[in-house]
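Commentary on secondary and tertiary structure
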Protein chains: 2
Amino acid sequence: MGKFDNHFQKAIEALHSEGRYRVFANLERRGAAFPLSWLYEGNTRREVVIWCSNDYLGMGKHPSVVQAMMDAAERIGVGAGGTRNISGTHLPIIELEGELADLHGKESALVFTSGYVSNIAGISTISKVLPDCIIFSDELNHASMIDGMRNSGAPKKIFRHNDVAHLKNLLSEVPLGRPKIIAFESVYSMDGDISPISDFCDLADEYNALTYIDEVHAVGMYGPRGGGIAEQEGLLDRIDVIEGTLAKAFGTLGGYITGSAALIDAVRSYAPSFIFTTALPRPVAAAATASIRHLKISTSEREGQQQAVAKLKKLLVMAGLPLMSSNTHIIPIFVGDAVQCKKASDRLLEKHNIYIQPINYPTVPKGTERLRITPTPHHTEHMILELCDALVETWETLSLPCDGVKHVVPMHQHVSLQPFPASGG
Amino acid sequence: MGKFDNHFQKAIEALHSEGRYRVFANLERRGAAFPLSWLYEGNTRREVVIWCSNDYLGMGKHPSVVQAMMDAAERIGVGAGGTRNISGTHLPIIELEGELADLHGKESALVFTSGYVSNIAGISTISKVLPDCIIFSDELNHASMIDGMRNSGAPKKIFRHNDVAHLKNLLSEVPLGRPKIIAFESVYSMDGDISPISDFCDLADEYNALTYIDEVHAVGMYGPRGGGIAEQEGLLDRIDVIEGTLAKAFGTLGGYITGSAALIDAVRSYAPSFIFTTALPRPVAAAATASIRHLKISTSEREGQQQAVAKLKKLLVMAGLPLMSSNTHIIPIFVGDAVQCKKASDRLLEKHNIYIQPINYPTVPKGTERLRITPTPHHTEHMILELCDALVETWETLSLPCDGVKHVVPMHQHVSLQPFPASGG
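Being a predicted model, the structure only gives us computed values, none of them experimental. (Residues numbered from 1 in each chain as written. Chains lettered and ligands numbered in written order. Predicted model: local features only at pLDDT ≥ 70, side-chain atom pairs only at ≥ 80, totals over all residues. Heavy atoms only, no water.)

**Describing the overall build of chain A**
Quick note on the threshold: The helix and strand labels rest on DSSP assignments: H or I over at least four residues marks a helix, E over at least two residues marks a strand, and numbering proceeds from the N terminus. Our radius of gyration is a C-alpha quantity, and the globule rule it is checked against amounts to 2.2 Å times the number of residues to the power 0.38. Think of it in three bands: residues with accessible area under 20% of the maximum for their type are buried, residues over 50% are exposed, and the middle band is partly exposed, with areas taken using a 1.4 Å probe on protein chains only.
Secondary structure summary: chain A contains 15 helices and 14 strands in total. Rg of the C-alpha trace for chain A: 22 Å, near the compact-globule value of 22 Å for 425 residues, within the 12% margin. Expressed along its principal axes, the backbone C-alpha trace of chain A runs to roughly 60 × 55 × 55 Å. Out of the 425 residues in chain A, the part that is buried amounts to 68%.

Structural data, given as structure tokens:
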């Protein structure tokens, strides 16, 4: 027993009572065999198929990426050994930043240890540098963006999800001369929908705003070179700051922002969460660079993924399962109840050896609990058919709704802004 | 030119005008030859000796650590592929957390992508769970701890650096029943002094407070098994939360907290900066575990480092250089001026091929600028002698003070609490 354990236990019990206490599945990916993986339960293990990985293209197992990490580890060593300023800047991270600036057609890039930190550092620093700045934020923006806004101390206005008219309305209420930031994502990770980027850019021009886009669920996967939705739609030059991750489609670890040389230099110089933390290790940076370079040229991973996504979506619709509307690689299936969602996930794992984590509050609003499926190019036709059968069996056995809400307009999700409990699904 | 670039440029110019614009040295560690390293300048490179690494024991190049990373990369792949909850928990990270709990004699441990994030998540979540909590914070606590306190929204009281009487005074002003946290570090990284841990624990018992210690500059290096200063002083069981890093003496990447099972579970369940971020990759976790296991048993690295530190301190004192008081492995030499400090660093690098980054505001208070030297067990006697000669030459050439302040009581350093500019040295 530790000091104040009664309080900590009470906080945990609150999650149990709501059916949303999270148990982490202990997985051991089987290297080149991914999405096959070992699931460890106590002293036993069994083979499962992972259907909810954010290693969207399986690049974490790509031979050139693995080799880049191994080579750098052997040749240079493991850790960075310091902050970027104090002995932690190294050739692989400089090369990585060059690669990222090129990917997004920007002057500069800056790498962080995670996408979460890149949003905290990016948003908070930019809004502190701009005098009397005000932020306009999509209501469904990720927790890390919300943390960045809170850190900044700048006033903010929340616009309804992807609602151009509402954003315009809010922008028009603020004097033109006052610096503004419009912060939004390209692909929203729990619904799989895409924002109206071009319209937001028009508004930014009209109302003197900087555009800050989070492309973490799109980089590597969309656009001819994997530059994201902004590249796909030919809008790279209209976005001021593109934030991305190295930990999803690029299969490694870390986050980044790209933008003008002056903006990036200001974040580099003023963000405590960048300054006072150890740099990304050389082997991780080298692996990320190898992954980006590969995906700039190779399109087979993107095509393979898109084919798997299309196949699965078609089968799910044919089977009458409650597929939520999505025009991306993210396939949410509606359940609408935390306990049932967990039960469905448990049954898939126990009976069918299929691992899909239940998605509950606060990751999504209560009443919109779902299973979220992310096919990779490495899921075979056979796996896709098996998944579909397993879902049908699970839906029938648990009597889950098949006519559930097809598209949900979620609640205001700024969970981390709320007083405790602001927490844990 | 990007939008609002004039504002970003102005922020950068402010740093130039104060002589504290930071230029990152681009280094390529030479694997097993570390602390020897290549310094890249444009298209040329030359060999330098790194004297300011936080890879304090050189574990980043240890064969067992390098091998563990390579094996895991080859066998399992590079990235984690998801948050801890959504497909990102894996066997190596579970093993790592077990290893850390054992290292500090605690029930549980939780790993984060950095020490910075571990402090944000740890301090903010604990103080949110404890009802009506109030935090008592040493004035020199690290930026990440300050960020955690700010995130928590809990009221805080700042006590003078390592001042037991002042802390007691502040504690006595708050009702006994009200939950309290005493947050402090064991080794302060820029001065190298050690806090009165035992006295703080006595006060915690007396005034109903939880003790939260940051041991990032001590883990791996102090105590019979590398458990830090708390282990060395036999105080592990009196500390409620021990926070540490895998990125300094353990030579890899990541941060962690250890404590009671209930406390760790609460942080795991409620901290947005833990929940909504990708897990540490398997190869990094495996490398960290190898490093911790090695340093639990092997003492040669600690002994080698302590010998190098003792030798260098002795030589510096004999040479009449203004060594600031330090009873640890951190050796600060007083300069007291940002521009002179940068000049000294530049001269060491250009003339002597010695790399020691200048330490300026806001890392240390203005007027206490310094060079901060961290000997490793891999710095040879010859390197130590060369360093001493080079420092003497530099001090003479630049007419730097030799009778500078030997021990500085620094100003209130809670830089990130201040409005912009809260920034960059």
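There's more to say after this.
**Digging into the packing of aromatic side chains**
Applied cut-off: Aromatic rings from Phe, Tyr and Trp, with only the six-membered ring used for Trp, were paired whenever their centres fell within 6.5 Å, and each pair was classed as stacked if the ring planes differed by under 30 degrees, edge-to-face if by over 60, and tilted otherwise. Remark: a charge is flagged as sitting over a ring if the NZ atom of Lys or the CZ atom of Arg is within 6 Å of the ring centre and within 35 degrees of the ring normal.
Tallied over the entire structure, the rule returns 8 aromatic pairs over all chains. Taken together, the aromatic side chains of A:F24, B:F112 and B:F274 make up a single cluster linked through ring pairs. Above the face of the A:Y361 ring, A:K366 is positioned so that its terminal group lies 4.6 Å from the ring centre.

**Section: the confidence of the model for chain A**
All names here are of chain A. What counts is decided by this rule: Values of pLDDT, which run from 0 to 100, indicate the predictor's confidence residue by residue. Working rule for contacts: check all heavy atoms of both residues, and any pair within 4.5 Å makes them a contact.
Chain-level statistics for chain A give a pLDDT mean of 92 and a share of 95% at 70 or above. Low pLDDT (under 50) marks residues 406-425, which in the prediction has 71 contacts with non-local residues, meaning those over four places away or in another chain. Overall fold confidence for the complex sits at a pTM of 0.93, while the interface term, ipTM, reaches 0.93.

**Points about the relation of the copies chain B and chain A**
As a reminder, the rule being used: We superpose the copies by least squares over the C-alpha atoms of residues that have a pLDDT of at least 70 in both of them.
Of the transformation placing chain B onto chain A, the axial shift is 0.0 Å and the rotation is 180°, giving an RMSD of 0.0 Å. Both copies of the chain, as the preceding transformation shows, are related through a two-fold rotation axis. Minimal C-alpha separation from the rotation axis in chain B is found for B:M70, amounting to 2.5 Å. A shared interface surface links the copies, since 100% of the contact residues of chain B are contact residues in chain A too.

**Digging into the sheet that holds strand β5 (residues 134-138) of chain B**
All names here are of chain B. Note the cut-off: At least two bridges found by DSSP between two strands is the condition for calling them paired. Throughout, an axis means a line fitted to C-alpha atoms (over the contacting stretch in the case of helices), and angles, computed between N-to-C directions, take values from 0 to 180 degrees.
The strand order across the open sheet built from 7 strands is β4-β10-β9-β8-β7-β5-β6, with neighbouring strands paired in mixed fashion. Every other strand in the sheet has two partners, leaving β4 (108-112) and β6 (156-159) as the edge strands with one partner each. Taken over all neighbouring pairs, the strand axes of this sheet differ in orientation by 20° on average, direction set aside. Packed on one face of the sheet, helix α4 (residues 91-104) meets β4, β9 (241-245) and β10 (255-259) and runs near 125° to β4. Sheet strands in contact with helix α8 (residues 197-207) are β6, β7 (180-185) and β8 (209-214), and its direction is about 155° off that of β8.

**Examining the packing of helix α2 (residues 63-76) of chain A against helix α2 (residues 63-76) of chain B**
Let me state the cut-off plainly: If an angle is under 35 degrees, it is roughly parallel; if it is over 145, roughly antiparallel; if it lies from 65 to 115, roughly perpendicular; otherwise it is oblique.
Between α2(A) and α2(B), the least distance of the axes is 9 Å, while the angle of their chain directions is 175°. Taken as axis vectors, α2(A) and α2(B) run roughly antiparallel relative to one another. Between α2(A), through A:V66, A:M69, A:M70, A:A73 and A:E74, and α2(B), the contact on the second element is made entirely by B:V66, B:M69, B:M70, B:A73 and B:E74.

**Quick notes on the interface of chain B and chain A**
Test applied: The working definition used for a salt bridge is a side-chain nitrogen of Lys or Arg within 4 Å of a carboxyl oxygen of Asp or Glu. Polar contacts here mean pairs of N or O atoms no more than 3.5 Å apart (in protein, one a potential hydrogen donor and the other a potential acceptor; neighbouring residues in sequence count only if both atoms are side-chain atoms).
Every contact between the two is made by 116 residues of chain B and, on the other side, 116 residues of chain A. Taken together, the links from chain B to chain A amount to 5 salt bridges. The residue B:R75 makes a salt bridge to A:E28 at a minimum N-O spacing of 3.2 Å. On inspection of chain B and its partner chain A, the count reaches 40 residue pairs in polar contact (both at pLDDT 80 or more).

**Some thoughts on helix α6 (residues 143-152) of chain B**
Counted residue by residue, α6(B) has 9 buried out of 10 residues, so it is predominantly covered. Among the residues of α6(B), B:A143, B:S144, B:M145, B:I146, B:D147, B:G148, B:M149, B:N151 and B:S152 are the ones counted as buried. Buried residues belonging to α6(B) abut α6 (143-152) of chain A together with α5 (115-129), β5, β6, β7 and β8 of chain B. Just past α6(B), the residue B:G153 takes up positive phi, approximately 75°.

**What to know about the sheet that holds strand β1 (residues 26-29) of chain B**
Residues and elements named next belong to chain B. If you walk across this open sheet you meet the 4 strands as β1-β2-β3-β12, and the pairing is mixed. The open sheet has two edge strands, β1 and β12 (354-355), and neither has a second partner. Relative to β12, strand β3 (residues 44-50) runs parallel, the two sharing 2 bridges. Considered in β12, the bridge of I50 is made with Y355.

**Looking at the packing of α6(A) against α6(B)**
Axis separation between α6(A) and α6(B) bottoms out at 11 Å; the angle between their running directions is 95°. Judged on the interaxial angle alone, α6(B) and α6(A) are roughly perpendicular. Where α6(A) approaches α6(B), its residues A:D147, A:R150 and A:N151 are matched on the opposing element by B:D147, B:R150 and B:N151.

**With respect to the environment of A:V339**
All names here are of chain A. The topology assignment puts V339 in helix α14 (residues 338-352). Residue V339 is classed as partly exposed on the basis of its relative accessible area of 42%. For the pair formed by V339 and G19, sequence separation is 320 residues and the distance between their alpha carbons is 5.5 Å.

**A closer look at the pairing of strand β9 (residues 241-245) of chain A**
All names here are of chain A. The buried fraction of β9 amounts to 5 of the 5 residues, a majority that puts the element mostly inside the structure. What you see with β9 is no split at all: V241, E243 and T245 on one side and I242 and G244 on the other are buried throughout. Note: β9 against strand β10 (residues 255-259), 4 bridges, orientation antiparallel. Bridge assignment links E243 to a residue of β10, and that residue is I257.

**Focus: the state of the cysteines**
Note the threshold: When two cysteine sulfur atoms lie within 2.5 Å, the pair is treated as a disulfide.
According to the stated counting rule, one finds 0 disulfides over all chains in the structure shown. Of the cysteine sulfurs around B:C201, a residue in no disulfide, the closest is that of B:C133, at 17 Å.

**As for the pattern of salt bridges**
Taken as a whole, this structure holds 49 salt bridges over all chains when the rule is applied. One salt bridge connects A:R20 with A:E18, and the closest N-O pair in it is separated by 2.8 Å. A:R20 gets classed as buried once you look at its relative accessible area, which sits at 6%. Between B:K296 and B:D102 there is a salt bridge whose closest N-O contact spans 2.7 Å. Taken together, the residues B:K296 in helix α12 (residues 282-297) and B:D102 in helix α4 connect sequence positions 194 residues apart. On the accessibility criterion, B:K296 (10% relative accessible area) is buried. Overall, B:D102 belongs to the partly exposed group, its relative accessible area being 40%. Sharing partners across several salt bridges, the network here consists of A:E99, A:D102, A:R225, A:R293 and A:K296.

**Overview of the nonpolar core**
Rules: Throughout this description, the term nonpolar core refers to a set of buried Ala, Val, Leu, Ile, Met, Phe, Trp, Tyr and Cys residues connected via side-chain atoms within 4.5 Å.
Counting residues in hydrophobic clusters, the biggest one holds 122 residues, and the most contacted among them are A:L100, A:L246, B:L96, B:L100, B:L246 and B:L280. Contact partners of A:L246, with chain neighbours within four places excluded, come to A:L96, A:L100, A:G251, A:T252, A:L253, A:G254, A:G255, A:Y256, A:L280, A:A288 and A:I292. The next biggest cluster of nonpolar side chains, apart from the first, holds 78 residues, and it includes A:M145, B:F24, B:F112 and B:V129.

**Quick word on α2(B)**
We count it as follows: Working rule for helices: expected span equals 1.5 Å times residues minus one.
Counted at 1.5 Å a residue, the expected span for α2(B) with its 14 residues is 20 Å, and the 20 Å between its end C-alpha atoms agrees. By the burial criterion, the buried members of α2(B) are B:V65, B:V66, B:A68, B:M69, B:M70, B:A72, B:A73 and B:I76. Buried-residue contacts for α2(B) involve β1 (26-29), α2 and α12 (282-297) of chain A together with α4 and α12 of chain B. At the exit of α2(B) stands B:G77, carrying a positive phi of roughly 110°.

**Here's the deal with the environment of B:T376**
Residues and elements named next belong to chain B. Inspection of the secondary structure assignment puts T376 in the loop between β14 (370-373) and α15 (381-397). Sequence separation between T376 and Q305 is 71 residues; the distance between their C-alpha atoms is 5.0 Å. Among all residues touching T376, those that are not within four sequence positions of it are F34, D55, Y56, Q305 and A308. Looking at T376, its side chain comes within polar contact range of the main-chain nitrogen of H378, at 3.0 Å.

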